[in-house]
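As a plain string of letters, each chain reads:
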Amino acid sequence: HRVISLIILFNGMNMKSDILSRSGLSGVVIPNCSEMTQSGEVYLDCQDQSLTSIPSSSTWSRVPNHLLLARNQIKALRSGSFLGYERLSSLDLQQNQISQVEEDAFQGLTHLTTLLLQHNQLRTLSEEALIPMPNLHYLRLYDNPWKCLCPMESLIRTLQVPSNRNLGNHAKCAEPVSLKDRKLKQIDPDLLCEEFGPNVNVTQTLEPNPIRGKLDATALCHTYLFPVTWMDCRSLTEVPPGIPDNVVRVDLSLNKIHHLKPRDFHGAKSLRILNLSSNDMQRIDTGSLSGLLHLQELDLSSNRLHFVQYGVLEDLYFLSKLKLGGNPWMCDYNIHYMVYWLRLHPGVKHSGLLCQSPLEYIGERVEDYVRSYNRDCPKDRQLSRPDQNQRDSSWWMQRHFLECFQKQSCSVRL
């Protein structure tokens, strides 16, 4: 009996120790976060963990350089919330429920350069809250219900300092009514602390409201920093303008973008991955992908594309992966350009290029259809091969394709 009692006691102690190791001394369960290193920087990914407060820095085996806390349930940032996180250079708090930030909440974050507070419930924020972060260069505050009255005066003045051009862009007043939808960067801070605050009469002294332009990508999309700078865009009917030149990946899937227009991605110089799947897309204009010189992956699957117009793919010099499945590809002369381009870019791995019409070609690989088309192409409409001094097959294929394409008859012989 004594032996059995000792075994039970020992097992109970082990169980208690295991619970403490997972819960911490306070009994609060430690979040299931991921610690990883990239380019010598430590990332701590605590997104989507239902957290209601900032985890203690002592929880982690290493001090992080980047702390990702997006999509949790944090409602307030208390004084000293980030003590022990002194090495942080970026802090992502977007898509929480933050409505209160105490003045010393960011105490100790002297190396922080990027702070993401967009998509929260902030109505006011004091300039004093930013003082502990002297190296802050990027501050995102949009999609918060800002109450533009006297308590916001110091913050608005700070945002409007010319050297702070990347602080608070796109953030707008939600109230009072007289300033609704005015950008914090554009309103007159001298008016906020008048005796009665901004009112209908005050707006008469302001410049007239400009015609509202289109919101750009930074206001319409969620921007994330890990593992690369990327954007997740939803509920759109067109490609948002102003994709920043440092964004590496853009996810535009599951929208209703039916048409890509020229220069849609102008300025997105660093884009490597572009997902346009499931948009019910019917047309891609020549020039719509121009400028994407470094694009490596393109997903056009699950749309309504019958063919891709000549020239659409010409700027994609470094493309290595192309998804094409789930489109009603029509096997006629219009589809030849796609096969021609893929033939000249053998390093591109592609999938899903199958004929869906006409009836006799359904399910056949488009490449096979083009080969059979070429075999049946009348000889009197074929271009004679170059002589011995013209050995550049790429030149010949391009010339052959262009002449046949213009006649809507023959195509490149593969």
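Residues numbered from 1 in each chain as written. Predicted model: local features only at pLDDT ≥ 70, side-chain atom pairs only at ≥ 80, totals over all residues. Heavy atoms only, no water.

The protein chain is annotated in an unreviewed UniProt entry as Leucine-rich repeat-containing protein 17-like of Poecilia latipinna.

## Looking at the overall build of the protein chain
We apply this condition: Numbered from the N terminus, helices here are DSSP runs of H or I no shorter than four residues, and strands are runs of E no shorter than two. Note on definitions: a residue-residue contact is assigned when non-hydrogen atoms from the two residues lie within 4.5 Å. In this description, accessible areas are obtained by the Shrake-Rupley approach with a 1.4 Å probe, and a residue is regarded as covered only by the protein chains that are shown.
Regarding its fold elements, the protein chain presents six helices and 19 strands. Nonlocal contacts in the protein chain, meaning residues at least 24 apart in sequence, comprise 53% of its contacts between residues at least 6 apart. Surface accessibility of the protein chain: about 22,100 Å² in total, with carbon and sulfur atoms responsible for 51%.

## A few points about the pairing of strand β2 (residues 41-45)
Rule in force here: Three labels apply to residues, based on accessible area from a 1.4 Å probe with only protein chains included: buried if under 20% of the type maximum, exposed if over 50%, partly exposed otherwise in between. Pairing between strands is defined by DSSP: at least two bridges between the two strands are required.
With four of five residues buried, β2 is to be regarded as a mostly interior element. Taken together, the five bridges between strand β1 (residues 34-38) and β2 define a ladder with antiparallel strand orientation. Its bridge partner being in β2, Q38 is matched across the sheet by E41. When β2 meets strand β3 (residues 66-68), the two strands line up parallel, connected through three bridges. The residue of β3 that forms the bridge with L44 is L67.

## Concerning unusual backbone geometry
When glycine is set aside, most residues are seen to have a negative phi, and most peptide bonds are trans. Look at the link from E175 to P176: it is a cis peptide, with omega at 0°. Here P176 is to be found in the loop between β10 (173-175) and α3 (217-220). For the bond from S357 to P358, the omega torsion is -5°, close enough to zero to count as cis. Tracing the chain through its elements places P358 in the loop between β19 (349-351) and α5 (366-376).

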